[in-house]
Amino acid sequence: MKRRFTQVFAMLISVLTLGALSVAQAKGQRDSIPESAYSHGYPYPFALGVHVGTTGVGLHVYQPLGTQFGLRVGASYMPFNTSIEGTYSGHATRSQVNAKSGNVSLAFGWTPFSARTGFFRSFNIQLGGAYFYKIEGELTTHLRDPYKYGEINVAPDRVGNITTQVEWKKTVNPYLGIGWSNIIIDSRFSMSIDLGCYYLSKPSVSMEATGLLEENVNNAATIERNIKDYRYLPRLEFGFSYRFW
Amino acid sequence: MKKKLAIYTLAVALLGSIASCHSPLEDFNLQISTEVIEHYVTLRVVDAEGNNVSGVSATLVSGDTEDIYNMSGYKDFKLTDNLLTLGVDPKRTPTANDPIRFRVQFAASGYNTQVVPVAITDASAGIQTVVLTKPTEVPDGAEEVEENVDLNTDGSTTAATTIELPSATGEGNMNLTIPAGTQFKDASGAVVTGTSVQIVVTSVDADNEDAIVLLPGGDLRSDEVVMADGNTAAGTFSAAAVADIKMLVNGVSVKQFSQPLVVSMPIPANYVSPVTGQAVATGSTFQIYSNSGDGVWRFEQNSTVTGSAASGFRVSFPISHLTFYMAGEFATACSSARIVNFSGDWMSTGSTYPIVVQAVWGGKVIATGQYSIDENNKSISIMNVPTSGVSIVVRNSAGNILEQGALAACGQTTTMQLPNPGDASGTTSTLQLYVRCPDKTTTITLLPTFQLFYRVSGTAEFKYLGTVDNGFLRTSLLKTDGTEYDFKAIWSDRVKVVNKHTVSEDNTATVGIQPGDIIGEKAGATNLAILTEECSKL
């Protein structure tokens, strides 16, 4: 799945690059970074970009709203699969984690130091929200080692597994964060770094278990209690944008 | 500067919020059920008086034993109290059409060794009782005589001898005639010599349930009978007369003779064939089967009935080996187990009741089993009963008939609706047991299935209350008027007895060491050790 994630990101980069080359060829190559890019922050030059981060990969569009404000519209999708191991009540387990998150976001940015130069020139504070049309995770847990009951080697399907599903409500979730939205690389390309947090709805947990692990569904309340504060979805995101002016 | 401070504060707050979260799996209590074995049979071993027998050893002697384990998953077969529960490796799923069959041998010092056939399907096999008898005791329904006959130096009888004893069934005596010059041989065929031969002849009334335990397997049913055509089948005997003949020469068991002896056994005049429905008459034919102690009945010959109703009927036949001989009829069984499904409105209340199920053929009880029935366990299996003509009688724990009806044909399921086996007018009490492991704060709901027995305190015999499933049992067999009961719980290799305990409608208790939990006063340390050990298995 990691490979798939990388492929998706690479594809987005390729699309953006091809698009940029097409525009460049059409308008002629620009050989220098325009002074205007430095004379003022222009935190959100009208640009199209791709990003990758904790909420996935996606596309975004910047639209300036004056010299200190901007608007960012984006869409992200994150398929995330991994395997984790743990020991609970003396039993070693292996869990297959399948998480999916998809959102469409809208954020307003304010660049307080846009008139300055230096590191904080493109620094901005962001406020917005995202509609998560999908945000859920599933853990399928089974015993890591073959289970032996007395002298009986119990088949894995008889031992069973535990499927834990965590789900957040599909709704608009507010976002607050900071970032550097226009770190200029050259006359067309810039980079962005965002750090912030979505405030999610209260997660719900459901469990299903089979075989000898069937009774472990009683742990659903424990897990729900443990993750009741899992309402802050961090967003650390790196982006590359192509400016159109 | 103030702006930057605000920004840093925001960033730290965001990270701090994330870091403050608990691990999702904190306090996750991973439990693995110990109910690994789903299909099992329980054998209850008692003496002729129904008392426990000490020092009983159990051995799986033949059959499909590879996947049979004790309930802890080991091939270590010991009785717990008087119960032996044998389970099937979960990799195999026995069914009515494909039961797992094997034989178990029980031996105890001072008792006759008994080998019983056992079958496990996916329906409840219940609790089957195995009775160990003492060689020195002759139960009701049996007659026995012991005689010593002088031998020549070559081990032959000095003169023709007839051993007589009152027959346990029919009119007249049973006779064993030994011609002069008969030599006695051991299992290898070698002649055994001595000054005398000790002969013990037992006549058994196969209609008498006290005497029937003397038969090989303690049952008229058999899982292996070599029939007249040489084929082997399981089935049930209708025995008209049975004899057990044992001989010892100089301490060596006799198995064969140099020439045939003659056995003559009375046949009861009221014998009616369950196969043909015909009453016995002069000229009727009975099949003679023998059993040499290997658990296999073998057809020997046919024997024609002589005599009359007035003088008494009898069959006579020659024998060349020992030890059991039966004159009767044999009805083959279905190859599959017979399944009986019970239903009843009372099941929906979550109640569990013990019932006794009898299979009756030709007016005789040929199989008896005790079963715990509830909503989740309402199918039972019966093996080795004839293909037709069998009826089922269901009794409650008080012995009252709840329902009776014909057993469905081979391959078909018999359905029976049962009225409440308990005291319908009595108060229903609920027993709910929870367990809190010593290192935990929460209770666990994953408890092993165990068998629960009860008696009114001060009485002798424990009665079966039923199977406690996951710590739960609901019954109206217990009075809630302050009557004190002794309870005996048996699971795996453990027995726990709680004496003088009254019950109420709601009897919820938690075994543990937290305030309010019960751990027992008389054997608290032992109970805690058991609790700790069992919790470690979860």
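Residues numbered from 1 in each chain as written. Chains lettered and ligands numbered in written order. Predicted model: local features only at pLDDT ≥ 70, side-chain atom pairs only at ≥ 80, totals over all residues. Heavy atoms only, no water.

**Concerning the overall build of chain A**
Looking only at helices and strands, chain A features four helices and twelve strands. In chain A, which comprises 245 residues, the proportion classed as buried is 45%. Across chain A, the fraction of contacts at a sequence separation of at least 24, relative to all contacts at a separation of at least 6, is 70%. When the accessible surface of chain A is totalled, it reaches about 11,800 Å², and 61% of it is carbon and sulfur. (Helix = DSSP H or I, 4+ residues; strand = E, 2+ residues; numbered from the N terminus. Buried < 20%, exposed > 50% of the residue type's maximum accessible area, 1.4 Å probe, protein only. Contact = heavy atoms within 4.5 Å. Areas by Shrake-Rupley, 256 points an atom, 1.4 Å probe, with all protein chains shown as cover.)

**Observations concerning the nonpolar core**
All names here are of chain B. Phe342, Ile355, Val357, Ile382, Val394 and Leu465 are the most contacted members of the largest nonpolar core, which has 38 residues in total. Elements with a minimum of two residues in this core: strand S23 (338-343), strand S24 (353-361), strand S25 (364-373), strand S26 (379-382), strand S27 (390-395), strand S31 (450-456), strand S32 (463-468) and strand S34 (484-491). Ranked by residues supplied to this core, first place goes to S24 with five residues. Contact partners of isoleucine 382, with chain neighbours within four places excluded, come to Arg221, Ala337, Arg338, Val340, Val357, Ala367, Tyr371 and Ile392. Membership of the second largest hydrophobic core comes to 37 residues, among which are Phe184, Ile245, Val280 and Val315. (Core = buried A, V, L, I, M, F, W, Y, C linked by side-chain atoms within 4.5 Å.)

**Quick look at the environment of asparagine 161 of chain A**
Residues and elements named next belong to chain A. Position of asparagine 161 relative to the elements: it lies in the loop between helix H3 (156-159) and strand S8 (162-167). As for asparagine 161 and serine 89, which are separated by 72 residues in sequence, their C-alpha atoms are 16 Å apart. Non-local contacts of asparagine 161, meaning those with residues more than four positions away in its chain, are made with Thr140, Thr141, His142, Glu208, Ala209, Thr210 and Leu213.

**A word on the pattern of salt bridges**
Per the counting criterion, the structure on display carries 23 salt bridges over all chains. Here glutamate 237 of chain A makes a salt bridge to arginine 72 of chain A, at a shortest N to O gap of 2.7 Å. Note that glutamate 237 of chain A is positioned in strand S12 (residues 232-243) and arginine 72 of chain A in strand S3 (residues 69-88), a separation of 165 residues in sequence. One exposure class covers both glutamate 237 of chain A and arginine 72 of chain A, and it is buried. Note that arginine 92 of chain B and aspartate 67 of chain B form a salt bridge whose closest N and O atoms lie 3.1 Å from each other. In this pair, arginine 92 of chain B sits in the loop between strand S4 (83-88) and strand S5 (100-107) while aspartate 67 of chain B sits in the loop between strand S2 (57-63) and strand S3 (68-70), placing the two residues 25 residues apart along the sequence. (Salt bridge = Lys/Arg side-chain N within 4 Å of Asp/Glu carboxyl O.)

**Concerning the interface of chain B and chain A**
Chain B puts 41 residues into the contact, and the matching count from chain A is 39 residues. Summing both partners gives a buried area of about 3,800 Å² for chain B against chain A, and 67% of it is carried by carbon and sulfur. Inspection of the chain B/chain A interface yields one salt bridge. Across the pair arginine 225 of chain A and aspartate 27 of chain B runs a salt bridge whose closest N-O atoms are separated by 3.6 Å. One can count eleven residue pairs in polar contact (both at pLDDT 80 or more) joining chain B with chain A. In terms of residue count, the dominant contributor to the side of chain B that touches chain A is helix H1 (residues 2-19) of chain B (nine residues). A per-class count over the side of chain B that touches chain A returns 20 nonpolar, eleven polar and ten charged. (Buried area = accessible area lost by both parts, 1.4 Å probe. Polar contact = N/O pair within 3.5 Å; in protein donor to acceptor, adjacent residues only side chain to side chain. Nonpolar A, V, L, I, M, F, W, Y, C, P; charged D, E, K, R; others polar.)

**Re the sheet that holds strand S36 (residues 506-511) of chain B**
Residue and element names in this part refer to chain B. Ordered by their spatial adjacency, three strands build an open sheet running S33-S30-S36, and the pairing between neighbours is mixed. Edge strands, defined here as strands with exactly one partner in the open sheet, are strand S33 (472-475) and S36. The mean angle between the axes of side-by-side strands here comes to 10°, regardless of whether they run parallel or antiparallel. Across six bridges, the pairing between strand S30 (residues 429-435) and S36 is parallel. Counted as the bridge partner of leucine 431 is asparagine 507 from S36. (Pairing = 2+ DSSP bridges. Axes fitted to C-alpha atoms, helices over the stretch in contact; angles between N-to-C directions.)

**Looking at the pairing of S32 of chain B**
All names here are of chain B. Of all six residues in S32, five are buried, a share of seventy percent or more. Examined bridge by bridge, S31 and S32 share five bridges and lie antiparallel to one another. Of the residues in S32, the one forming a bridge with tyrosine 454 is lysine 463. Between S31 and S32, which pair antiparallel in sequence order, lie six residues; one of them, glycine 458, sits at a positive phi of approximately 100°.

**Remarks on the state of the cysteines**
Residue and element names in this part refer to chain B. Inspection of every chain in the model, using the stated rule, returns one disulfide over all chains. Covalent S-S linkage joins cysteine 334 and cysteine 410, the inter-sulfur distance amounting to 1.8 Å. Here the S-S torsion is close to -75°, and the disulfide linking cysteine 334 with cysteine 410 is therefore left-handed. Of this pair, cysteine 334 sits in the loop between strand S22 (324-332) and S23 while cysteine 410 sits in the loop between strand S28 (401-406) and strand S29 (414-417); the two residues are 76 residues apart in sequence, bridging distant segments of the chain. (Disulfide = S-S within 2.5 Å.)

**With respect to the packing of aromatic side chains**
Residue and element names in this part refer to chain A. Across all of its chains, the model carries 24 aromatic pairs over all chains by this definition. The interplanar angle of 50° and the centroid separation of 4.8 Å between the aromatic rings of tyrosine 175 and tyrosine 198 together place this pair among those described as tilted. Taken together, the residues tyrosine 175 in strand S9 (residues 172-184) and tyrosine 198 in strand S10 (residues 189-199) connect sequence positions 23 residues apart. Residue classification places tyrosine 198 among the buried positions, given a relative accessible area of 3%. (Phe/Tyr/Trp six-rings, centres within 6.5 Å; stacked < 30°, edge-to-face > 60°.)

**Comments concerning the sheet that holds S31 of chain B**
Residues and elements named next belong to chain B. Pairing within the open sheet is antiparallel, and its four strands lie in the order S32-S31-S34-S35. The open sheet has two free edges, formed respectively by S32 and strand S35 (494-502), since each of these has just one partner strand. The mean inter-strand angle of the sheet, taken between neighbouring strand axes irrespective of direction, is 25°. When S34 meets S35, the two strands line up antiparallel, connected through seven bridges. Looking at the pairing, phenylalanine 487 lines up with valine 498 of S35.

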